[in-house]
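Listed below are the residues making up each chain.
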Amino acid sequence: MVTDKEIAELIFPEVKETIEDLEKRYPQRNLSSFQEVTRFAPSPTGFLHTGSLFTSLICHKVAKDSNGIFYVRLEDTDTKREIEGSGAELLNQLKLFGIEPSEGYLGDHEIGNYGPYIQSNRADIYKVVIKHLLEQGKAYPCFCSSQALDEIRAKQEKAKIIPGYYGPFAKCRYLTNEEKKERIINGEPYVIRFKSSGNHLRKIKVHDLVHGDFEIAQNDMDIVILKSDGLPTYHFAHACDDHFMRTTTVIRGEEWIASLPIHIELFETLGWKAPNYAHLPVIMKLDESGHKRKLSKRLDSEAAVSYFLKDGYPSEALIMYLMTIANSNFEEWIFEHKFEHMEEFNFSFNKMSLEGALFDMGKLNFFSKEILSKKSKEEMLDMVLTYSKTYDQKLYDLVSSNPDYFKEIINIEREKENPRKDYEKLGGLYDLISFFYKDLYDQKLKEQPLEYNPKFSKDDIKEVLKALKDKLDTSLDEQGWFNNMKEIGISLGYASSGKDYKANPEAYKGSVSDIAEMLRITLTGKKNSPNLYYVMKVLKTDEWKRRIDLVLNS
Ligand code: GLU
């Protein structure tokens, strides 16, 4: 009679190690029970998804807050979906957001005693465990072709029963060892399946750090654990890796809750303690018809982290925003802490909403403005140069041609208690600041004439501009300058305040704000700009007078 052990030996003659050997090679970590070991386990299938950034942020935070370990494992067993180089790129992007693992796969090298951290390099480890399961009769080779599987599925669909490879439908679990041996020796292709002992009519109780306690049907599927290419499936690799890498809490997307019964059965069968689980809510979006749906890689540009990098959002803004999704009390906390030191916030799984959070661009923009307004002019220069070098060559050339001038521009109303929030992101900055540059201003003027309030005639405008050119004194302080402008306005028949004008519109041509607007449009080409007084200071007298002359002579 052929034994299970002989089958295991026939399949893996080269595997000499045992599970005990692996337990020794990967000993328990020398940590206290409070210290968490978490991992981010991306698949190298493309760009960093905003949802994955969210997951990695929480993994990192939980490890950091507990003085534990955060590591990265590259899950590259799905070779068909792999995109060359995307693993290293994911790590680069995480770094931009301050998420740096202290162990694991780091893009171009690995650190740590629990590796290899790339799954495709762990085939020998998986084989040891699978050989053990085969020996115990808890796994078996399955020779069903994809056509045979399709036929089973079609039968199940017709009979309206749960589809899958389980119970009576799991044909190969009923093969005798003699039959298995013969087919293996004959060279028939096969995969290895796990022999489930579950029953989906029974429920198991599970605890999730986000979702609390709940019941879920047992697994009864004989899932594939080793594919014909010699690599494991996600489910099996998850159990093996998180066991031998000594992960304490598995933090991953909610889409994995449905597979939890499989994972729990695998851990139980192997006699291993399952890690804690935290399944994070998915990030949603309101679609055109007002329905909530998952952020989609295909449909939504904001699903890719690269979108925010390209648009020049400071990385802290996105992290701060994602923290508001993570914990309901974070927003109040960060307001109290003046948008600073968010690393001091105490994260808690209990305060995570169970419903998927709606991605709120408005809130992200708000945080972004706050953060940009708090940077020093030197920090802004550095950020803009770094950003524009990759994403905006025109901006890079402009700023690097005269860094000191850029600092003057960006410093308008910056170094003060309540800095002005003129800038939301670095994308589009070129258009916002180009008027400060003489050549760009002149070029724009050629392409697009200035648009004043049509309520005023050309002569009215010229009269005001001429008086401002002759009499406005920018060497005064801001208040003095404004009073000066008011006096000039009053002398030409304009009210000194909007209130006076509204009370008696017939008596005036307009108010001082109309005058300021004429001047602003003349100097900047726009109705909105940073503080006009400082704009004039940065432009300097010759230049702002020259711009007025261009209008007077037109
Ligand atoms: N590789 C899996 C994914 O990218 C990881 C899930 C997990 O964290 O366990 O979805």
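Whatever comes next refers back to the structure up there.
Owing to the predicted nature of the structure, the values given are computational and were not obtained by experimental measurement. (Residues numbered from 1 in each chain as written. Predicted model: local features only at pLDDT ≥ 70, side-chain atom pairs only at ≥ 80, totals over all residues. Heavy atoms only, no water.)

Colleague: Is there a simple way to think about the pattern of salt bridges in this case?
Modeller: Where side chains of opposite charge bring their charged atoms close, a pairing between them can arise. Tallied over the full model, the rule gives 38 salt bridges. Among the ionic pairs, Arg73 bridges to Asp242, the shortest N-O distance being 3.0 Å. Taken together, the positions of Arg73 in the loop between strand S2 (69-72) and helix H4 (86-96) and Asp242 in helix H8 (residues 234-244) put the pair 169 residues apart, joining distant regions of the chain. By relative accessible area, Arg73 is classed as buried at 0%. Lys285 serves as the salt-bridge partner of Asp300, at 3.6 Å between the closest nitrogen and oxygen. Residue Asp300 is found in the loop between strand S13 (292-294) and helix H10 (305-310), and its partner Lys285 is found in strand S12 (residues 284-286); the two are separated by 15 residues along the sequence. (Salt bridge = Lys/Arg side-chain N within 4 Å of Asp/Glu carboxyl O. Helix = DSSP H or I, 4+ residues; strand = E, 2+ residues; numbered from the N terminus. Buried < 20%, exposed > 50% of the residue type's maximum accessible area, 1.4 Å probe, protein only.)

Colleague: Help me understand the site of the ligand, please; the structure alone is not making it clear to me.
Modeller: Close contacts around the ligand come from Arg39, Ala41, Ser43, Glu75, Tyr234, Arg252 and Trp256, and that covers them all. Alone, the ligand offers 300 Å² of accessible surface; in the complex the protein occludes 79% of this. Taken together, the residues of the shell around the ligand break down into three nonpolar, one polar and three charged. (Near = heavy atom within 4 Å. Areas by Shrake-Rupley, 256 points an atom, 1.4 Å probe, with all protein chains shown as cover. Nonpolar A, V, L, I, M, F, W, Y, C, P; charged D, E, K, R; others polar.)

Colleague: Is there a simple way to think about the environment of Gly167 in this case?
Modeller: Looking at the secondary structure, you find Gly167 in the loop between helix H6 (146-158) and helix H7 (177-185). For Gly167, a relative accessible area of 22% puts it in the partly exposed group. Sequence spacing of Gly167 and Asp220 is 53 residues, and the spatial spacing of their C-alpha atoms is 7.3 Å. Sequence-distant contacts of Gly167, defined by excluding residues within four places in its chain, comprise Arg173, Tyr174 and Asp220. (Contact = heavy atoms within 4.5 Å.)

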